[in-house]
Amino acid sequence: MSDDAVEVNGLVVRYGGTTAVDGVSLTVPRGRVLSLLGHNGAGKTSLLQVCEGFRKADGGTVRVLGLDPIADHDTLMPRLGIMLQSGGVYPWATAGEILRLFASFAASPLDVDMLLDRLGLRKFERTRWRRLSGGEQQRLSLAIALVGRPELVFLDEPTAGMDTEARHTTWRLIEELRADGVSVLLTTHLLDEAERLADDVVIMSSGVVAATGTPAELTAAAGIDLLEVRAEPGLKPADGRLTDLKISETTPGEYAVTGALDAAAISAVLGWFAAAGAQVTAVNTRRRTLEDVYLALTTGEKAYR
Amino acid sequence: MSGIFAPAPGRAPMRSVVASQIRMELTLTARRGEAVVLAMGVPLLVLLGAGLTEVTNVPGNDRLAFVVPGVLALTVMSTAFTGQAITTGYERAYGVLKRLGASPLSRPGLLFAKTSAVLGLIVVQLVALAAVGVAVGWRPHFGATLSAVGVTVLATAAYSGLALLMASVLRPEATTGAATLIYVLMLAAGGIMFAAPDLGTVGWFLLPLAAHAEALRATLSHDASVPLSIWLSLGAWAVVFVTAAARKFRWE
């Protein structure tokens, strides 16, 4: 039996003639947070729906906690926490009633009052679902997903519709889940969310995996974009090995180096400063952000290698 | 602070899972009080209108002996079929069923909870309407109560099955329309306010409401036994629609 929380292999999902997911494979190891990143319509929710057992795969296999999400539905559900993208609650039931209902389904649920407090929902305990704002509904949905103390949670765009404060509350909660050993598969189109929360990022675009890796790997693979060097002002670089690079003095004593910055090029740059007898007081490399990588992949603006 | 989310998954004992779901179903039904009143209002009007005045022709010379059991049967259909089909259709549209499907409740758990809540509601409604009937002069017999309960359980199962089936295969608006239409047709042709068209045994199989009403009349008004054809009709309705509902039921 595999020790991975989620194993997706060559998954295909079709809606009529449209292929929403076209041969996606990914793995969520236990205790890690995987962020599925992509635009709306990239196939993220379809993939999640198959993992949750709501939709049959049109091709490929999906194992969740080693089980089949459809055939083993009743065995699997008590072990999962699922946050759907929208709705899904009795409009006339209050927040407190709903959360207590789902808590009562679990063998050893979290304390409902604690959860209401943590998610800032205490003052809405007696408010009916349909009177809650979008962000409040999202927070209650998250609470529903967590109340059964699941070992794996699926969060479909967990912070959509939340204000900044609620978003940060949710992020801290997800970090806490991870610290407590819960495996998490979340979808998002927010880059800062993926970069902050995820151990692993899978970037999906038009139904296929565009890139996979840790946030650091993804940005590192994209290379170093900028080298900043601090030394005496007024140095004029003139070395044949530096012709592929552009060195400019942005402010007196601050040099910005751009170009193909591999290890040899960086050593050449520093070698030139040394040869010029300069006192280098600071060297700083700037990597591309996940956002740069993401935009390059999903819009094809920049070649990525 | 740390450690509170440490996984401890598992389902509560199935009995308490189902009990909480039944409680939620009943709470929400009570919250939509107007639906309950409506579900009882029409039968009550029929009881008083057709039972106490001569607006319709009913067979026999004891109007209440004909009308009250029919009203009881109508109430069962109204709650188990019409009410349940509409509620479940909207629960699907709101995504409530999907959300419950992603919980430890399980499909048999939800179906059992829904049916139990409906049965509980029906018991309360029938006791109230029978009491009104007795107050205005209906004199029921209790010798064959067990048979009356038996056919009522079969009818409830058949109506629930049909309700859940419709809510699974139709859009909520279509479910509401169809459930209301069937209710009106059954009310007209089901032998409640006046005699049902005499189709013989075939009639019991076509019109479960008429069959159920006739069985309640036989047992409660006349202290007689339920004809075998009615047992078979209601039994067949129950088996067919409960099976179909269990097969076609969708969370989404």
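Treat the numbers as computed from the prediction; the structure is a model and nothing was measured.

Novice: Whenever I open this one, the overall build of chain A confuses me. Can you help?
Specialist: On a plain count of helices and strands, chain A comes out with 10 helices and 13 strands. Along the three orthogonal principal directions, the C-alpha set of chain A runs to about 75 × 45 × 35 Å. Taking all 305 residues of chain A together, 42% fall into the buried category. Contacts spanning at least 24 positions in sequence make up 69% of the contacts within chain A whose residues lie at least 6 apart.

Novice: Explain the overall build of chain B here, please?
Specialist: A count of helices and strands for chain B gives 10 helices and zero strands. Along its sequence from the N terminus, chain B presents helices and strands in the succession α-α-α-α-α-α-α-α-α-α. For a compact globule of 252 residues, the expected C-alpha radius of gyration is about 18 Å, and chain B comes in at 20 Å, within 12% of that figure. C-alpha extents for chain B along the principal axes are approximately 75 × 35 × 30 Å.

Novice: Sorry if this is basic, but what is going on with the sheet that holds strand E7 (residues 183-188) of chain A here?
Specialist: To summarise the sheet geometry, strands pair through backbone hydrogen bonds and adopt either a parallel or an antiparallel arrangement. All names here are of chain A. One open sheet accounts for six strands, arranged E5-E6-E7-E3-E8-E9; its pairing is mixed. If you trace the sheet from one side to the other, it starts and ends with strand E5 (80-83) and strand E9 (208-213), each paired once. When strand polarity is set aside, the average angle formed by the axes of neighbouring strands in this sheet is 15°. For strand E3 (residues 33-37) and strand E8 (residues 200-205), the ladder comprises four bridges, and the chain directions are parallel. Opposite Leu34, over in E8, you have Asp200 as the bridge partner.

Novice: Just to check I follow, could you spell out the domain arrangement of chain A for this structure?
Specialist: Reports of interface size often rely on the accessible area that becomes lost once the parts have come together. Along its sequence, chain A is organised into domain 1 (4-216) and domain 2 (224-287). Here the C-alpha centroids of domain 1 of chain A and domain 2 of chain A sit 46 Å apart.

Novice: Please clarify how the interface of chain B and chain A should be interpreted in this entry.
Specialist: At the interface, 30 residues of chain B touch 34 residues of chain A. For the side of chain B that touches chain A, the elements supplying multiple residues, two or more each, are helix H1 (14-31) and helix H4 (96-101) of chain B. Among the elements that make up the side of chain B that touches chain A, the one with the highest residue count is H1 of chain B (six residues). Classifying every residue of the side of chain B that touches chain A gives 16 nonpolar, eight polar and six charged.

Novice: So what exactly am I meant to see when it comes to the environment of Asp68 of chain A here?
Specialist: Residue placement: Asp68 of chain A occurs in the loop between strand E4 (59-64) and helix H2 (73-76). Considering only alpha carbons, one finds Asp68 of chain A and Glu7 of chain A, 61 residues apart in sequence, at a separation of 10 Å.

Novice: It is not clear to me how the packing of helix H6 (residues 145-169) of chain B against helix H9 (residues 208-221) of chain B should be interpreted in this structure. Could you clarify?
Specialist: When two helices pack together, their arrangement is given by the angle between the helix axes and by the axis-to-axis distance. All names here are of chain B. Running from N to C, H6 and H9 point in directions that differ by 165°, and their axes come no closer than 9 Å. Considered as vectors, H6 and H9 are oriented roughly antiparallel to each other. For the pair H6 and H9, the crossing hand works out as left-handed. Along its contact with H6, which presents Ser147, Ala148, Val151, Ala155 and Ala158, the element H9 presents Pro208, His212, Ala215, Leu216, Thr219 and Leu220. When its residues are assigned to classes, the contact of H6 with H9 shows eight nonpolar, three polar and no charged.

Novice: What should I look at first to understand unusual backbone geometry in this one?
Specialist: Most peptide bonds take the trans form, and the phi angle of most residues other than glycine is negative. Look at Glu157 of chain A: it is not a glycine, yet its phi comes out positive at around 45°. The topology assignment puts Glu157 of chain A in the loop between strand E6 (152-156) and helix H6 (164-179). Glu157 of chain A gets classed as buried once you count the C-beta atoms within 10 Å, which come to 23. At Ser106 of chain B, a residue that is not glycine, the phi angle is positive and equals roughly 75°.

Novice: Help me understand the sheet that holds strand E1 (residues 4-15) of chain A, please; the structure alone is not making it clear to me.
Specialist: Residues and elements named next belong to chain A. In spatial order, the strands read E2-E1-E4; together these three strands make up an open sheet with antiparallel pairing. One side of each edge strand has no neighbouring strand; the edge strands of this open sheet are strand E2 (18-29) and E4. With strand direction ignored, the average angle separating the axes of adjacent strands in the sheet is 15°. Of the strand pairs in this sheet, E1 and E2 are connected by nine bridges, and their pairing is antiparallel. Residue pairing for E2: Leu11 is matched across the bridge by Val24. Of the strands in this sheet, E1, E2 and E4 touch helix H1 (residues 44-51), which is tilted by about 120° from E1.

Novice: Hey, could you run me through the confidence of the model for chain B in this one?
Specialist: As a note on interpretation, predicted positions should not be read in detail where pLDDT is low. With 99% of its residues at a pLDDT of 70 or more, chain B has an overall mean of 89. Reported confidence for the predicted complex is 0.85 by ipTM and 0.82 by pTM.

Novice: Before we go on, may I ask you to explain helix H5 (residues 134-146) of chain A in this structure?
Specialist: Residue pairs spaced three or four apart in an α-helix point in one direction, given the helix's 3.6 residues per turn. All names here are of chain A. Over its 13 residues, H5 extends 19 Å from the first C-alpha to the last, a length consistent with the 18 Å expected when each residue adds 1.5 Å. Within H5, 11 of the 13 residues are buried, leaving the element largely enclosed by the surrounding structure. Contact partners of the buried residues in H5: E5, helix H3 (95-104), helix H4 (112-118), E6 and H6.

Novice: Looking at this model, I keep getting lost on the nonpolar core. Mind explaining?
Specialist: A general trend in soluble globular proteins is that nonpolar side chains are found buried together. Grouped together as the largest cluster of nonpolar side chains are 152 residues, with contacts concentrated most on Ile98, Leu99 and Ala143 of chain A together with Met77 and Ala158 of chain B. Among all residues touching Ile98 of chain A, those that are not within four sequence positions of it are Val89, Tyr90, Ala93, Trp129, Leu140 and Ile144 of chain A. Core analysis: the second largest hydrophobic core is formed by seven residues, Ile224, Val229, Ala231 and Tyr255 of chain A among them.

Novice: Can you walk me through helix H7 (residues 172-189) of chain B in this structure?
Specialist: Residues and elements named next belong to chain B. Look at H7: 25 Å from first C-alpha to last across 18 residues, which is about the 26 Å you get at 1.5 Å a residue. Restricting attention to buried positions, one finds in H7 the residues Thr175, Ala179, Tyr183 and Met186. End-on view of H7: buried residues confined to an arc of 75°, all on one side of the axis. Opposite the buried face of H7, at more than 90 degrees from it, the exposed residues are Glu173, Leu181, Val184, Leu185 and Ala188. Check the buried side of H7 and you find it contacts helix H3 (63-93), H6 and H9.

Novice: Which parts of the structure should I look at to understand the packing of H1 of chain B against helix H5 (residues 107-135) of chain B?
Specialist: All names here are of chain B. H5 packs onto H1 with a crossing angle of 50° between their chain directions and a minimal axis gap of 9 Å. The angle between the axes of H1 and H5 places the two elements in the oblique class. Relative to H5, the crossing made by H1 is right-handed. For the pair formed by H1 and H5, the contact residues are Met14, Val17, Val18, Gln21, Ile22, Glu25, Leu26 and Thr29 on the first element and Gly109, Leu110, Phe112, Ala113, Lys114, Ser116, Ala117, Gly120 and Leu121 on the second. Here the contact of H1 with H5 is composed, by residue class, of 10 nonpolar, five polar and two charged.

Rules of the game
Within every chain, residues take consecutive numbers counted from 1 along the sequence as written. Throughout, the order in which chains and ligands are written sets their labels, letters from A for the former and numbers from 1 for the latter. Where local features are concerned, this predicted model is filtered to residues with pLDDT of at least 70; where side-chain atom pairs are given and counted, the filter is 80 or more; whole-chain, interface and lining totals use all residues. For helices the rule is a DSSP run of H or I covering at least 4 residues; for strands it is a run of E covering at least 2, with both sets numbered from the N terminus onward. Exposed residues have 12 or fewer other C-beta atoms within 10 Å of their own C-beta, buried residues have 20 or more, and partly exposed residues fall in between, where C-beta atoms are placed from the backbone. Placing C-beta atoms from the backbone, we regard two residues as in contact once those atoms come within 7 Å. We compute the radius of gyration from the C-alpha atoms alone; for a globule the expected value is 2.2 Å times N to the 0.38, where N is the number of residues. What makes two strands pair is DSSP finding at least two bridges between them. The convention used is that axes are lines fitted to C-alpha atoms, helices contributing only their stretch in contact, and that angles between N-to-C directions extend from 0 to 180 degrees. An automatic or database domain assignment is the source of the domain bounds shown. Gly is placed with the polar residues, together with every amino acid not listed as nonpolar (Ala, Val, Leu, Ile, Met, Phe, Trp, Tyr, Cys and Pro) or charged (Asp, Glu, Lys and Arg). Oblique is the label for any angle not covered by the other classes, which are roughly parallel (under 35 degrees), roughly antiparallel (over 145) and roughly perpendicular (65 to 115). Each crossing gets its handedness from the near helix: less than a right angle anticlockwise from the far helix is left-handed, clockwise is right-handed. Residue-level confidence of the predictor is summarised by pLDDT, bounded by 0 at the bottom and 100 at the top. For a helix, the expected span equals 1.5 Å multiplied by the residue count minus one. Only buried residues count toward a nonpolar core: Ala, Val, Leu, Ile, Met, Phe, Trp, Tyr and Cys, linked into one set through C-beta atoms within 7 Å. What the arc describes is the spread of directions from the helix axis to the C-beta atoms.

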